Amino acid sequence: MKKTVKALALVLVFIMSFGFVTASAKGIVLSNDKFYVELPEGFEICTDYGDSHYYFENEYSYEGIDIIVEGNLLFPDGIKNTPENVIEERFKTFFYDVDETGFAEVKTLEKGEINGISACYVYGYVDNELYSDDIFAYILTTHETLFIVYTTLSSGTQQEGEQPVYLKDFMRTLLVNGTYYNGEKLSKAHDFSKEEHYIDALERDVLSEDYYEYNSNVDSFAAVFIFLGFAFPILFIVLIVLYVKTRKKLKEYKEFFGSIEQARSAMYQQKMQRGYQPYGNQQYYGYNPNMQQPVQPYNQGGYAPQQQPQQPIQSQQSQQCTNPTQTQDFYK
């Protein structure tokens, strides 16, 4: 529901401000100076995976379509004039660099046209040793630009080689712009002269703050992962060294003192020889049942009181003041 609301809000903003992305009866329309396309129903621009190109995803089934637009370095002679085996090898290399996935096999490769422009359809599967996906791709070129549109599905989810319907719907509306080969022209007229630059649209729709935040988080995770990859072997070696040293020290103690049982027995015997008694048999202060005479109370401490010498009684005359008329002056 949130994705739907966001998509509708995005469409309204573009209609009111830019007019480059609009809505049709079939879905979102994306238009710039490189291509025009109508997204199949339920598909919208997705930026959740940190891609640097347009990726469209179905919000319900999570099926996706990638469209890659870059300079045409792989097929300078155009699709029609490039041998199929060359197309296959260069496509494998290109796809591995983009998706970082091993391209195992191309099962079908056919040349044809998309709305009047020469194109090549490729069907095969990718395998990265963890999973295997079927891939369906289209390659189109102008003198300046290479366009690759593809989608992947988990192997076995549909009949082998059967192209997804949503990809067919996407390609039916795709129009590419540039200097065409062999005098080709679009079968559907479209004016690209007033369209927004592709890079401007890409920066607005894809290369946003979310894109840089996603890739920054990925880089941070990779750095932590690499650090742990180096730290764990070092920590493991340190623990092994400490373990070996500890075992060696324990062995020396055992050779000198004997086993732990022998050490405990010897310590217990020494305590018994010194008069040690368990806690339950210890005697309370002030009472000893083995003594016949009573123990002195605590406040006397076992000492007899000392006799104070008697002071001689002075005569009343000696206690009287020798000079009765003299008084002490405190302020003198």
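To be clear, the structure that these remarks concern was listed above.
Residues numbered from 1 in each chain as written. Predicted model: local features only at pLDDT ≥ 70, side-chain atom pairs only at ≥ 80, totals over all residues. Heavy atoms only, no water.

J.: Just to check I follow, could you spell out the side chain of Asp205 for this structure?
T.: The topology assignment puts Asp205 in helix α4 (residues 198-205). Accessibility expressed as a relative area gives 9% for Asp205, which makes it buried. Among the polar contacts made by the side chain of Asp205, one reaches the side chain of Arg204 at a distance of 2.9 Å. (Helix = DSSP H or I, 4+ residues; strand = E, 2+ residues; numbered from the N terminus. Buried < 20%, exposed > 50% of the residue type's maximum accessible area, 1.4 Å probe, protein only. Polar contact = N/O pair within 3.5 Å; in protein donor to acceptor, adjacent residues only side chain to side chain.)

J.: Can you help me understand the pattern of salt bridges in this one?
T.: Once the charged atoms of two side chains with opposite charge are near each other, the side chains can pair. If you walk through the whole model with that rule in mind, you get 6 salt bridges. For Asp169, the salt bridge goes to Arg172, with nearest N and O atoms at 2.6 Å. Of this pair, Asp169 and Arg172 both sit in helix α3 (residues 165-173), 3 residues apart, roughly one helical turn. By relative accessible area, which is 33% here, Asp169 ends up partly exposed. Exposure remark for Arg172: the relative accessible area of 48% places this residue in the partly exposed category. In this structure, Arg204 engages Asp205 in a salt bridge whose closest nitrogen and oxygen atoms are separated by 2.9 Å. Look at the salt bridges and you will find they share partners, linking Glu196, Arg204 and Asp205 into a network. (Salt bridge = Lys/Arg side-chain N within 4 Å of Asp/Glu carboxyl O.)

J.: I would appreciate a short explanation of empty space enclosed by the protein in the present structure.
T.: Over the atoms rolls a probe the size of a water molecule, and in doing so it shows where empty space is left. Here the structure, examined in full by the defined rule, presents 1 cavity of 30 Å³ or more. Its boundaries defined by the atoms lining it, the largest cavity holds a volume of some 30 Å³. (1 Å grid on protein atoms, 1.4 Å probe; cavity = no way out; pocket = protein on both sides within 12 Å on 5 of 7 lines; lining within 4 Å. Points joined across faces, edges and corners; volume = space filled by probe spheres on them.)

J.: So what exactly am I meant to see when it comes to the packing of aromatic side chains here?
T.: The geometry of two aromatic rings is summed up by the distance between their centres and the angle between their planes. Evaluated as defined, the whole model comprises 9 aromatic pairs. Where Phe43 meets Tyr166, the ring centres are 5.3 Å apart and the plane angle is 35°; that geometry is what we call tilted. Here Phe43 is found in strand β4 (residues 43-45), whereas its partner Tyr166 is found in helix α3, with 123 residues between them in sequence. The same class applies to Phe43 and to Tyr166, which are both buried. By way of ring pairs, the aromatic residues Phe35, Tyr54, Phe56, Phe170 and Tyr198 are connected into one cluster. (Phe/Tyr/Trp six-rings, centres within 6.5 Å; stacked < 30°, edge-to-face > 60°.)

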